[in-house]
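Summary of the model geometry
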Amino acid sequence: MADAEEPETKRRRIEDRTDKMAVDGAHKAGPCDWHGRWSHVKSFLERPGPFTHPHFEPSTESLQFLLDTCKILVIGAGGLGCELLKNLALSGFRLIHVVDMDTIDLSNLNRQFLFSYEDGVLDTSSIIPLIDGGTEGFKGNARVILPGMTACIDCTLELYPPQINFPMCTIASMPRLPEHCVEYGRMIQWPKEKPFGDNALDGDNPEHIQWVFERALERAAQFSITGVTYRLTQGVVKRIIPAVASTNAVIAVTGSGRRDSAPAAVHMRRRGGGGGGGKCQSCPTSLAVTQVPLDLQFPPSAKLQEVAGVPDGELLLSVKSIEERTRPNLCKTLKELGLSDGQELAVADVTTPQTVLFKLNFTA
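Summary of the structure given here. (Residues numbered from 1 in each chain as written. Predicted model: local features only at pLDDT ≥ 70, side-chain atom pairs only at ≥ 80, totals over all residues. Heavy atoms only, no water.)

Let us now look at a nonpolar patch on the surface. A cluster of nonpolar side chains, contributed by L73, I75, V99 and M101, occupies part of the molecular surface with about 480 Å² of accessible area. Assignment of secondary structure puts L73 in strand 1 (residues 71-75). Relative accessible area serves as the criterion here: at 56%, L73 is assigned to the exposed category. (Patch = residues over 30% accessible without salt bridge, like charges linked within 9 Å, V, L, I, M, F, W, Y side chains within 5 Å. Areas by Shrake-Rupley, 256 points an atom, 1.4 Å probe, with all protein chains shown as cover. Salt bridge = Lys/Arg side-chain N within 4 Å of Asp/Glu carboxyl O. Helix = DSSP H or I, 4+ residues; strand = E, 2+ residues; numbered from the N terminus. Buried < 20%, exposed > 50% of the residue type's maximum accessible area, 1.4 Å probe, protein only.)

With respect to the helices, strands and loops of the structure, G134 is situated in strand 3 (residues 130-136). Those residues in contact with G134 that sit more than four places away from it in its chain are K139, G140, N141 and I251. (Contact = heavy atoms within 4.5 Å.)

A few words now on the sheet that holds strand 6 (residues 344-347). Taken in spatial order, the three strands line up as 5-7-6 in an open sheet, and their pairing is mixed. Whereas interior strands pair on both sides, the edge strands pair on one side only; in this sheet they are strand 5 (294-298) and strand 6. Taking each pair of neighbouring strands and ignoring which way they run, the sheet shows an average axis angle of 40°. (Pairing = 2+ DSSP bridges. Axes fitted to C-alpha atoms, helices over the stretch in contact; angles between N-to-C directions.)

Before going further, it helps to spend a moment on the packing of aromatic side chains. Under the definition given, this model contains three aromatic pairs. With a centroid separation of 5.7 Å and an interplanar angle of 25°, the aromatic rings of W190 and F196 are classed as stacked. The exposure class assigned to W190 is buried, which follows from its relative accessible area of 7%. Taking 5.5 Å as the distance between ring centres and 85° as the angle between the ring planes, the aromatic pair formed by W190 and W211 counts as edge-to-face. Remark: W211 occurs in helix 7 (residues 206-222) and W190 occurs in helix 6 (residues 178-193); sequence separation between them is 21 residues. Of the two residues, W190 and W211, neither departs from the other in class, the shared state being buried. The structure contains a cluster of three or more aromatic residues connected by ring pairs, namely W190, F196 and W211. One cation-aromatic arrangement involves R219 over Y184; the distance from NZ or CZ to the ring centre is 3.7 Å. (Phe/Tyr/Trp six-rings, centres within 6.5 Å; stacked < 30°, edge-to-face > 60°. Lys NZ or Arg CZ within 6 Å of the ring centre and 35° of its normal.)

Take a look at the structure:
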């Protein structure tokens, strides 16, 4: 019920703030249009001055045009945009439309004075879980990405295996693998001999691949290396990553399971509180990059398995000895684990760039 009330509470707060900040009483003369309200605007609209534009014509109708007719579109409500919006409102512009696609960062509230702390907190009711998966040979992975709550793809690019590149010295002097022989034909012999003139090597041209394949066979014979095939040559030249049907099947099933558990993960995150104020290049409100402790509300009788959102029998740790020692803790309550109200918890995971902090708040 609390999750359903959060958006409504936020909407009412925004409406109340809008009513307080309105300078026109819902675009009509009202309590905000007291006597002399626009005297400062009239002073430069109804008389000439030494700094006015040569084509400026003073008029008593200009103010009414600003109040009732003129429409302004402001793109961006950051530090500069907030100052501009304030000046426009105080200058008599009533019909102002604002477009801002950015995320409010808590560290920017000192200059973005039209926003408050609540605007920098992630609205968990709007989160749509994303399933990310991929395979490479016999390796693969599948995970749930909660935008603004878990590390995004850009945050974890460094966790992906780097592309394989062979040292030039090995290719030219000491080849040991059939791939070295293919790279020798592609990187050294092709630009040197130019078998097809100035044409670049085309991985989709059978004649080009055949030529590199033959040079690779000659190179392999010199160093007694076996395993050079036409298919291997084509794969090395085109940087083809081998696909294994069984691996794809396993990751597809895993991804489907992550899809079913994603709503539960979102629900668990919602119970723990909203977004944070961290900053990274791609997800400025990600829980994975902020160091601000986030509220986690559970009763003392709640079991660790419920808090962590781990289904029965699905605890998987990379170190088997740690898993064996910690698995019994899943069935213990927070009180039995010695946790107290207000205590901070540090959660680490291989899929996040750094530790996520939570503050435990016991509920009745």
